[in-house]
Amino acid sequence: AIALDHLRAHPGVLDVLQIPAFGKKGRMTVQVQILAAPQAAEAVFEACFSETTTLGLRWQMVERRVLARRQATVHLPERSVRVKLAQRPDVLTAKAESDDLLSVSGGRSARERTRRSAEDAGLSSAADEEPSGHG
């Protein structure tokens, strides 16, 4: 867990995935997948060998597409919440930053209400910022 936290913190690493698996002779093992920026590959390889007990790495280059996105902060009566806005082909979507919901008291239903309020506010503020096309 410590090694994976260190790899997640590496500047070239975008994401780390840990998957339980079965190895030789039916032994339980862990498969780790790391998504990293291509230009950071060598540094990430070195970090893997420094931080883990692995003796070898398999790697491949894959292509990635990302949506146009930005982050906004919305101010609700009880707190401020960061919201990620993503432009999909037909619609703008919003997702509240889960770390900003950790301290919401009142259980899952209160977190869900806060999440929805933040996402609605993020979409509303984005709509207000869009140029009207009149000119």
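Further up the page is the structure itself.
Residues numbered from 1 in each chain as written. Predicted model: local features only at pLDDT ≥ 70, side-chain atom pairs only at ≥ 80, totals over all residues. Heavy atoms only, no water.

Scanning the chain from terminus to terminus reveals 3 helices and 5 strands. Seen in sequence order, the chain has helices and strands lined up from the N terminus as α-β-β-α-β-β-β-α. Relative to a compact globule of 135 residues, whose C-alpha radius of gyration would be 14 Å, the chain shows 20 Å and is clearly more extended. If one aligns the C-alpha atoms of the chain with their principal axes, the spans along those axes are about 65 × 45 × 25 Å. The contacts of the chain with a sequence gap of at least 6 include a subset with a gap of at least 24, amounting to 31%. The distance from the centre of the 19 positive side-chain charges to the centre of the 17 negative ones in the chain is 9 Å. (Helix = DSSP H or I, 4+ residues; strand = E, 2+ residues; numbered from the N terminus. Rg over C-alpha atoms; globule rule 2.2 N^0.38 Å. Contact = heavy atoms within 4.5 Å. Lys, Arg positive; Asp, Glu negative; His and termini not counted. Charge placed at Lys NZ, Arg CZ, Asp CG, Glu CD.)

Before going further, it helps to examine the sheet that holds strand β5 (residues 92-96). An order of β3-β4-β5 is seen for the 3 strands of this open sheet, with the pairing classed as antiparallel. Here the strands that pair on one side only, and so sit at the sheet edges, are β3 (68-75) and β5. Direction aside, neighbouring strands of the sheet carry axes that sit 30° apart on average. In terms of strand pairing, strand β4 (residues 80-87) meets β5 through 5 bridges, oriented antiparallel. Each bridged residue has a counterpart across the sheet, and for Val83 the counterpart in β5 is Ala96. (Pairing = 2+ DSSP bridges. Axes fitted to C-alpha atoms, helices over the stretch in contact; angles between N-to-C directions.)

Let us look at the packing of helix α1 (residues 2-9) against helix α2 (residues 41-51). Remark: α1 packs on α2, axes separated minimally by 10 Å, with the N-to-C direction vectors making an angle of 160°. With respect to each other, α1 and α2 are oriented roughly antiparallel. The crossing of α1 and α2 is right-handed. On the side of α1, the interface is formed by Ala3, His6 and Leu7, while α2 contributes Ala47, Cys48 and Glu51. Taken together, the residues that form the contact of α1 with α2 break down as 4 nonpolar, 1 polar and 1 charged. (Parallel < 35°, antiparallel > 145°, perpendicular 65-115°, else oblique. Left-handed = near helix turned anticlockwise from the far one by under 90°. Nonpolar A, V, L, I, M, F, W, Y, C, P; charged D, E, K, R; others polar.)

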